[in-house]
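Letter by letter, the chains look like this.
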Amino acid sequence: MKPLTIAGACLALSLLTYFQFPGHSWLQQDSQIYAPILEHLRDPSVLRNEILAEQPHVAYTLYDETARALRAVTGLDFRDVLACEQIVARAFGIWGLYLMALAICLQVCPRAGQADPQTAWAPDPQMTRVPPAPLALFIAAICSLGAVVAGASVLTFEYEPTPRAFALPLALCAAGLTVHRRYLAAGIALAAAFLYHPPTALPFLAIYCALALWPAKSESVRHRIWRLAPLAGAALILAIAARAQAGGGEAQTFFVRLTPDLERLQRMRASYNWISDAHAWPPALFAHYAILFGILLAAFMRLRREIGFELRLFLLGLPIVGMLSLPLSWLLLDQWRWALIPQFQPMRCILFVTLFAQFLTAAAGVRAAVRRQPFEAVAWFALAYLPPVQPVMTQPYTFQGAAVVLALALVAWLAIRLGAGREPATLLVGLAAFFAIPGIAGVVNYPHLRTPELDQLSIWARSSTPKDAVFQFADAGKGLDPGIFRAQAVRAVYVDWKGGGQVNYLSGFAEQWWFRWQQTNQNRFKPRDLPKYAALGIRYVVLQPKNRLKGRTPVFESAKYLAYTLP
C-alpha cells in the first residue's frame, strides 16, 4: 500500500470515528469551560463578569493561541476550528497506531524476498497470506473504536475538542514514528502534543528521550542530542506563552499543600482525583484494572518475539506507568496533599492499560488468525472488541453486547482467514464494528443535551441583552444547561455545577465558586431569594415553567425556560 493510500485510510478512519462512532460532542463536558475562555480571550468586552473567563487556566498550553489564530485566519467560529483540529489530530493518532501495528505485522508476516516489506507475503504454507499493511490498519481500526476509562473519568478517544483530545493522538503518532526510528518527525509530533497538553505528553516524552539518546555506534552524540531540538523549542515556546499570559488572572500554584478547606472542596467536586474515595474508586475497579493488565501481559507474551525493543518500551512502559500512577497519586495527593496532583491528574495514565490491552489483544488475534489458530484468534479479538462495548455489558439482562462482541470476533477471524489476497475484504470487515456497536449493541457514548428551546434562549440572550449581563439558572441544580447557555449566548452565568470543575487548578477561583454556590443555595430556587440575587449582581434569572413567578411577566418564554429581569 502506497503512503498516500495509508494517509487517505487514516483520514477516512478519523472521519468515521468523528461522525459515526465513537463520535464527537460539543458543550457536553469540558468544552463548556474552554469555549467561554476562548471567547473572552478573543474579545475581552464579552464575559467580563464571568469567573471562568476572568481566571483562565490555559497559561501552560498553546491550545487557546492555536484556536484563536486559526479562527482569525479562517473566519470560522471556535466550534468549527476545534472540530477540524480534532479530526486532524485523530488522523495522526490512527497513523501512529498503524505504524506500531505495522512493526508487529511485518514480523507476523515474514518477508519472502520482496523489495517492499509492506507487500511481503508469508512463505510458510501453513500461514494465511495477508499483506502486513491491511492487517496493521485493521488493528488501528479496532483501537479507534475507543473506550471509557472508569475511575479516572477519561477516554482513549476523547469526544470533546479539548487539549487532551489533541495531545494524546499526537503523542501516539510520535510513538509510532519512534518505533520506525524516524526521530526528527517523532520529536516534532511530540513537541506539538506537549504544547497542547504537557501532562499527557510527559510519559511519552520520557520514553522518547531515552530512545533518542540511546548510544549507537553509527551515530554521534551531537546527532542524538539534535533529536531533542523540537522538544527544547516547545518548552521555550510554552515558557514564553505562559509568561505573556501571566497577567490574565490568578496564577496556578504547584509547590504548596492543599489547605483543609480546599481539600474538602476538591473531594466534593472532583472526587475522581482522590483514590481513597470509595465512591469514585470502588474496590471492584482495582480488580478490573488488575485483570486488564493481566490480559495485556498475556497478549504481550504471545507476541514477544514479534515486538521490537522500541515498541516494547511503549507497549509495556506506558501501561506500567498507568498502574504505578494509582499508588503514586495516593501517596502524593491523599497523603501529602500536594496541590500539583489535582492539576496534573497522574491517574489518567491508567488509560494506557485499556488502550494497549486493546491494541495487543487485537494484534494477538491477527497473529493467531494468520497462523490458522481459529479458537485463539476469536478469543483475542473478543477481548479487543470488549472495551468499547463494556458500557452495555454491565447492564442486567442485556445480551446484545456479548453477542455483538462474539460476532465481530468471529467475522474478524473469517475476514483474515478467507480474505487472503483480498485486502479490501479485511478492511471492510474492520469497519463493520463502527456500525454494529452503536446500532446493534446499543452503545450510546454521550447524551444529546442541546435542545431547540435552549438554542432559542441563547439566541435571545445574545441579541437582546447587554454583553456584561449576568444570568443565573436558579433551579438547574447540577444540570449542564447553564454551561451550554454560557458558551452559546456568550453571556456570564453567576454559578453552575460544571464550572466548579476548575477548583482543581485555582484556589482563589475555588473559594469564589464555593461562595457563589452557597449564596444561590446550590441552585435550589426559592422566590424569596430574588432580592439577594439582585444584590449579587445577577441581572436575569432563568427558571423552568413549573417555577413561574406569580404576578411577573417574563422577558423571554419558551416551553422549557422562562427568563425574568431583576431590578
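Here the residue index of a chain counts from 1 through its sequence in written order. Note on the predicted model: pLDDT of at least 70 is required for a residue's local features to be given, and 80 or more for side-chain atom pairs to be given and counted; whole-chain, interface and lining totals, by contrast, use all residues. To get the side-chain values, all heavy atoms of the structure are used, and hydrogens and water are removed first.

Examining the packing of helix H5 (residues 78–108) against helix H16 (residues 351–370)
- Every angle, taken between N-to-C directions, lies between 0 and 180 degrees, and every axis is a line fitted to C-alpha atoms, over only the stretch in contact when it is a helix. Secondary structure is summarised from DSSP: a helix means a run of H or I of at least four residues, a strand means a run of E of at least two, and numbering begins at the N terminus for each. Close contact between H5 and H16 brings their axes to 11 Å; oriented N to C, the two are set at 30°. One element, H5, and the other, H16, form an angle in the roughly parallel class. Here H5 runs over H16; the crossing is right-handed. Of the residues in H16, those touching H5 at Leu-97, Met-100, Ala-101, Ile-104, Cys-105 and Val-108 are Phe-356, Phe-359, Ala-363, Val-366, Arg-367 and Val-370.
- Lys, Arg, Asp and Glu make up the charged group, whereas Ala, Val, Leu, Ile, Met, Phe, Trp, Tyr, Cys and Pro make up the nonpolar group; the residues left over, Gly among them, are polar. Residues of the contact of H5 with H16, tallied by class, amount to eleven nonpolar, no polar and one charged. Just so you know how the angles are binned, under 35 degrees is roughly parallel, over 145 roughly antiparallel, 65 to 115 roughly perpendicular, and the rest oblique. Each crossing gets its handedness from the near helix: less than a right angle anticlockwise from the far helix is left-handed, clockwise is right-handed. Two residues qualify as a contact provided that any one of their heavy atoms is within 4.5 Å of a heavy atom in the partner residue.

A word on the packing of aromatic side chains
- Stacked, edge-to-face and tilted are the three classes for Phe, Tyr and Trp ring pairs, Trp counted by its six-membered ring, which pair at centre distances within 6.5 Å; planes under 30 degrees apart are stacked, over 60 edge-to-face, the rest tilted. With the rule as written, the count across this model stands at 25 aromatic pairs.
- Aromatic side chains Phe-166 and Tyr-196 sit 5.2 Å apart centroid to centroid with 75° between the ring planes, which places their arrangement in the edge-to-face category. Taken together, the residues span a long stretch of sequence, with Phe-166 in helix H7 (residues 163–179) and Tyr-196 in helix H8 (residues 183–196) at a distance of 30 residues. Of the two residues, Phe-166 and Tyr-196, neither departs from the other in class, the shared state being buried.
- Plain terms: the ring middles of Phe-352 and Phe-356 are 6.3 Å apart, the flat faces sit at 25° to each other, and that makes the pair stacked. In this pair, Phe-352 and Phe-356 both sit in helix H16, four residues apart, roughly one turn of the helix.
- To sort residues, take the accessible area from a 1.4 Å probe on protein chains only and compare it with the maximum for the residue type: under 20% means buried, over 50% means exposed, and anything in between is partly exposed. Phe-352 gets classed as buried once you look at its relative accessible area, which sits at 3%.

So, the pattern of salt bridges
- Each salt bridge in this description consists of a side-chain nitrogen of Lys or Arg and a carboxyl oxygen of Asp or Glu lying within 4 Å of one another. Considering all chains together, one arrives at 17 salt bridges under this definition.
- With a closest N to O distance of 3.1 Å, Arg-267 and Glu-263 form a salt bridge. Pair noted here: Arg-267 and Glu-263 are both in helix H12 (residues 260–269), with a separation of four residues, about one helical turn.
- A salt bridge links Glu-557 to Arg-548; its shortest N-O distance comes to 2.7 Å.
- By relative accessible area, Arg-548 is classed as partly exposed at 42%.
- One continuous salt-bridge network, built from bridges that share partners, spans Glu-39, Arg-42 and Arg-71.

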